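Next come the chains, spelled out residue by residue.
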Amino acid sequence: MRFRHPDGTTVHLAYCTNVHPAETLDGVLAQLRDHCEPVRRRLGRDRLGIGLWLARDAARTLDTDPAALRALRGELDRRGLEVVTLNGFPYEGFGADEVKYRVYRPDWADTERLEYTTALARILAGLLPDDVTEGSVSTLPLGWRTAWTDDRAEAGHRALVTLAERLDALAELTGRSVRVGLEPEPGCVVETTGDALAPLTAVDHPRIGVCVDTCHLATSFEDPAGALDALVEARVPVVKSQLSAALHADRPDRPEVRTALAAFAEPRFLHQTRTVDAGRLRGTDDLGEALDGDALPAAAPWRAHFHVPLHAAPAAPLTATHDVLRDALARLVGGPHPRTRHLEVETYTWQALPPAQRPRNRAQLTDGIAAELALARDLLTDLGLKELP
């Protein structure tokens, strides 16, 4: 979906396909048929933006076989779909029964991460619509914190510098600019937007910036205004933003609240949980750990990294951080000029929701994704953007 900002800029809205992951190109093509095109039709749109997640094997096929890339581009066109952004955070196995810490490997100290991201940039340059010259890729925020030694930090820095050089060469070769954004996430080396400032100013390149995920922003209790203003001051670009909401519990000391939270403590994804205690951010790596005894202080609200649907708050006594989403979006695109041109709805946890809240079939999932996009569309038009055909 495309929108015209009051300043004349085109802003793109997509939804991320990691909600129905596939490891191979055949699986990606099936996604377009079974999920993406039905969402477009449900919205009554002639064109729908999607943020593709391409696992390692699918990316290798597309990067090494020009015919396969042309076939994917043709299938996108045939189904009324367009791609301006890729999700390059998960490397493989995002559809596994247990993902947890695996999603952070390989990290930016490993050459596999650099090669994978470079391949995604080349692929995206070939998938961009004919009238679009800029693409974006979101990526791992360097690595998981516990394994990040000084030596690995230096290797990660060198990899980002090399990536910037490769992106420059790609732009010169193709005439299309692909930018890559580190996506701050709780528990990682770059947990907050503030943590991104030092490594990105050290690289100091306009094609390397941040991807602001509003669920992660909220989970870490970051203030959208302060976070985004600090990025502007440091001249760190917001390459893209993922529109998402975190799980919020006002009174985690109450038994009924802990019971409600326990329904979201599931075995597939990591749900980092945070609270502010005496002005300091405290947290656990997973929601189950937070609920186990007194691992996390319960005198103040908790937020958990669980992407809840944008259009539907969880049942009481829990809520979601939709207010942070709205505030961040207003500051990203509601001003005189947009701070980013690529927006992506990223609720990948539909099948990890408590059983009563999960979609029971493909049609219900289509309805849910379409409802999220419709809400995002309404938020954008309320901010003065005009939806384009």
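See the structure printed just above.
Residues numbered from 1 in each chain as written. Predicted model: local features only at pLDDT ≥ 70, side-chain atom pairs only at ≥ 80, totals over all residues. Heavy atoms only, no water.

Draft legend 1. The arrangement of helix α5 (residues 150-174) in detail. Compared with the 36 Å implied by 1.5 Å per residue over 25 residues, the 36 Å span of α5 between its first and last C-alpha is a close match. Looking only at α5, the buried set comprises A155, G156, A159, L160, L163, A164, L167, L170 and A171. Against the buried residues of α5 lie α4 (111-127), β6 (177-182), α6 (193-203) and β7 (208-213). In the stretch just after α5, G175 is the one whose phi turns positive, near 75°. (Helix = DSSP H or I, 4+ residues; strand = E, 2+ residues; numbered from the N terminus. Expected span 1.5 Å × (residues − 1). Buried < 20%, exposed > 50% of the residue type's maximum accessible area, 1.4 Å probe, protein only. Contact = heavy atoms within 4.5 Å.)

Draft legend 2. Representation of helix α8 (residues 224-233) in the model. Taken residue by residue, α8 has P224, A225, A227, L228 and L231 as its buried positions. Residues of α8 that are buried make contact with α6, β7, α7 (214-219), β8 (238-243) and α11 (322-333).

Draft legend 3. Here's a closer look at the packing of aromatic side chains. By the definition in use, this model includes 9 aromatic pairs. Ring geometry for Y101 against W144: centres 5.3 Å apart, planes inclined by 85°, an arrangement best described as edge-to-face. Placement of the pair is Y101 in the loop between β4 (81-88) and α4 and W144 in the loop between β5 (134-139) and α5, with a sequence separation of 43 residues. Three or more aromatic residues link up through ring pairs in this structure, and these residues are W53, F94, F269 and Y348. The ring centre of F221 lies 4.4 Å from the NZ or CZ of R303, which sits over that ring. (Phe/Tyr/Trp six-rings, centres within 6.5 Å; stacked < 30°, edge-to-face > 60°. Lys NZ or Arg CZ within 6 Å of the ring centre and 35° of its normal.)

Draft legend 4. Structural view of the pattern of salt bridges. Within this structure, the stated rule accounts for 33 salt bridges. The partner of R2 in a salt bridge is D131, with the nearest N and O atoms 2.8 Å apart. Within this pair, whereas R2 is found in strand β1 (residues 2-4), its partner D131 is found in the loop between α4 and β5, the two being separated by 129 residues in sequence. Here D107 makes a salt bridge to R152, at a shortest N to O gap of 2.8 Å. In this pair, D107 is assigned in the loop between β4 and α4 and R152 in helix α5, connecting sequence segments 45 residues apart. Looking at D107, the relative accessible area reads 7%, which means it is buried. Salt bridges linked by common partners bring E37, R40, R41, E75, R78 and R79 together as one network. (Salt bridge = Lys/Arg side-chain N within 4 Å of Asp/Glu carboxyl O.)

Draft legend 5. Just the pairing of strand β12 (residues 302-308), in detail. Counting buried residues in β12 gives 7 out of 7 residues, a clear majority hidden from the surface. Neither face of β12 is left uncovered, since the one carrying W302, A304, F306 and V308 and the one carrying R303, H305 and H307 both have all their residues buried. Where strand β9 (residues 245-249) lies against β12, 4 bridges are found, and the strand directions are antiparallel. Across the sheet, A249 pairs through a bridge with W302, a residue of β12. Pairing of strand β10 (residues 273-277) with β12 involves 2 bridges; the strand directions are antiparallel. The residue of β12 that forms the bridge with T273 is A304. (Pairing = 2+ DSSP bridges.)

Draft legend 6. Here's a closer look at the packing of helix α1 (residues 25-43) against helix α12 (residues 362-382). At a closest axis distance of 9 Å, the pairing of α1 and α12 adopts a crossing angle of 55°. When the axis of α1 is compared with that of α12, the two are oblique. Between α1 and α12 the crossing geometry is right-handed. Each of D34, H35, P38, V39, R42 and L43 in α1 lies in contact with α12, whose residues at this interface are R362, A363, L365, T366, D367, I369, A370, L373, A374 and R377. Here the residues of the contact of α1 with α12 are counted per class, giving 9 nonpolar, 2 polar and 5 charged. (Axes fitted to C-alpha atoms, helices over the stretch in contact; angles between N-to-C directions. Parallel < 35°, antiparallel > 145°, perpendicular 65-115°, else oblique. Left-handed = near helix turned anticlockwise from the far one by under 90°. Nonpolar A, V, L, I, M, F, W, Y, C, P; charged D, E, K, R; others polar.)

Draft legend 7. Fine view of the sheet that holds β10. As summarised here, the arrangement of the 5 strands in space is β11-β10-β12-β9-β13, forming an open sheet in which the pairing is antiparallel. The sheet is open, and its two borders are formed by β11 (280-284) and β13 (319-320), each paired with just one other strand.

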